[in-house]
Amino acid sequence: MRKQYRAEGLDEGELAGHPMVQFASWFRQASAQGAVFEPNAMVVSTADAAGRPSSRTVLMKAYDERGFVFYTNYESRKARDLAENPYVSLLFPWHPIARQVIVTGTARRTGRDETAAYFRTRPHGSQLGAWASVQSAVIRSRAELDAAYEELNARYPEGEQVPVPPHWGGFRVEPQSVEFWQGRPNRLHDRLRYVAKPDGSWRVERLGP
């Protein structure tokens, strides 16, 4: 089970000056013509105060020069981890185009205004789901979850505004390093990593594959 990756490489001279500009370029390519299924899907890895790691796939909902944004239940395992230890890793696994983007940084909650603005863009069912799910908690059955959803659906039918749950919101991951990984033949991959400098600028390092 082994694939030979693409021959086209990644050269330092091709990189943008800022990692988020480079990410925007790669994200557009990953999104073009369905090249990658859900290119905004990313693996979020956290660790609790004792250093025990956990990973899960979530959807990135925004990115800009400040970093990457995702939304979750603030009582979930990942949110509890981040409350104890704000350091986080993100991985965009764009296998069909033999690329990865690997981010390390710190996560901070988004403001309530930003959270509310995004919540209003979610489908009605997803808004109800944010209330119905006690994320990461043990529940008795699927029937219990479905019953909670149906009760909410009766209380807030389609077309009626659903309030933003106080226990739900966003995290923005401010990057400290961003690695762009390009698969190459013979496992001699190109790995170029931006590392934040104290003055706010970035240096680029080439890593061994």
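Just so you know, these numbers come straight off a predicted model, no measurement behind them. (Residues numbered from 1 in each chain as written. Predicted model: local features only at pLDDT ≥ 70, side-chain atom pairs only at ≥ 80, totals over all residues. Heavy atoms only, no water.)

Caption draft 1: Region of the structure containing the overall build of the protein. When helices and strands are counted, the protein shows 5 helices and 9 strands. Projected onto its principal axes, the C-alpha coordinates of the protein cover approximately 55 × 40 × 35 Å. Counting all 209 residues of the protein, 42% fall into the buried class. Considering only contacts in the protein between residues 6 or more positions apart, those separated by 24 or more positions represent 65%. As displayed, the protein offers around 11600 Å² of accessible surface, 51% of which is attributable to carbon and sulfur atoms. Computed over 28 positive and 24 negative side-chain charges, the separation of the two mean positions in the protein equals 4 Å. (Helix = DSSP H or I, 4+ residues; strand = E, 2+ residues; numbered from the N terminus. Buried < 20%, exposed > 50% of the residue type's maximum accessible area, 1.4 Å probe, protein only. Contact = heavy atoms within 4.5 Å. Areas by Shrake-Rupley, 256 points an atom, 1.4 Å probe, with all protein chains shown as cover. Lys, Arg positive; Asp, Glu negative; His and termini not counted. Charge placed at Lys NZ, Arg CZ, Asp CG, Glu CD.)

Caption draft 2: The pairing of strand 9 (residues 202–206), seen in detail. In this structure, strand 8 (residues 190–196) lies alongside strand 9, joined through 5 bridges in antiparallel fashion. Bridging across to strand 9, Arg193 finds its partner in Glu205. Counting the residues between successive antiparallel strands, the hairpin from strand 8 to strand 9 contains 5 residues, one of them, Gly200, with a positive phi of roughly 95 degrees. (Pairing = 2+ DSSP bridges.)

Caption draft 3: Molecular detail of the environment of Leu188. Note that Leu188 resides in the loop between strand 7 (168–182) and strand 8. When its relative accessible area of 56% is taken as the criterion, Leu188 is described as exposed. The spatial distance from the C-alpha of Leu188 to the C-alpha of Ala16 is 23 Å, given a sequence separation of 172 residues.

Caption draft 4: Representation of the environment of Glu158. When you line up the elements, Glu158 lands in the loop between helix 5 (142–155) and strand 7. In sequence terms Glu158 and Gly125 are 33 residues apart; their C-alpha atoms lie 8.5 Å from each other.

Caption draft 5: Examining helix 3 (residues 112–119) more closely. Of all the residues in helix 3, the buried ones are Thr115, Tyr118 and Phe119. Taken down its axis, helix 3 places every buried residue within 100 degrees of arc, on the same side. Where helix 3 is buried, its residues contact strand 4 (67–73), helix 4 (124–132) and strand 7. (Arc of directions from axis to C-beta.)

Caption draft 6: Local environment of the packing of aromatic side chains. The tally for this structure, following the rule as stated, stands at 17 aromatic pairs. Over the ring of Tyr74 we find Arg109; its NZ or CZ atom is 3.7 Å from the centre of that ring. (Phe/Tyr/Trp six-rings, centres within 6.5 Å; stacked < 30°, edge-to-face > 60°. Lys NZ or Arg CZ within 6 Å of the ring centre and 35° of its normal.)

Caption draft 7: Examining the pattern of salt bridges more closely. Applying the stated criterion across every chain, the model contains 12 salt bridges. Here Glu12 makes a salt bridge to Arg206, at a shortest N to O gap of 2.8 Å. On the criterion of sequence distance, the pair formed by Glu12 in the segment before helix 1 (19–31) and Arg206 in strand 9 is long-range, its members being 194 residues apart. In this structure Glu12 comes out as partly exposed when scored by relative accessible area, which is 35%. Its salt-bridge partner being Arg52, residue Asp48 comes within 3.0 Å of it at the nearest N-O pair. Classification of Asp48 by relative accessible area gives buried; the value is 11%. Assessed through its relative accessible area of 53%, Arg52 is described here as exposed. Connected through salt bridges with shared partners, the residues Glu12, Arg184, Asp190 and Arg206 form a single ionic network. (Salt bridge = Lys/Arg side-chain N within 4 Å of Asp/Glu carboxyl O.)

Caption draft 8: Structural detail: the packing of helix 4 against helix 5. Contact geometry of helix 4 with helix 5 gives a least axis separation of 9 Å together with a crossing angle of 120 degrees. By the angle between their axes, helix 4 is oblique relative to helix 5. Note that helix 4 runs across helix 5; the crossing there is right-handed. Each of His124, Gly125, Leu128, Gly129, Trp131 and Ala132 in helix 4 lies in contact with helix 5, whose residues at this interface are Leu145, Ala148, Tyr149, Leu152 and Asn153. When the residues that make up the contact of helix 4 with helix 5 are grouped by side-chain class, the tally is 7 nonpolar, 4 polar and no charged. (Axes fitted to C-alpha atoms, helices over the stretch in contact; angles between N-to-C directions. Parallel < 35°, antiparallel > 145°, perpendicular 65-115°, else oblique. Left-handed = near helix turned anticlockwise from the far one by under 90°. Nonpolar A, V, L, I, M, F, W, Y, C, P; charged D, E, K, R; others polar.)

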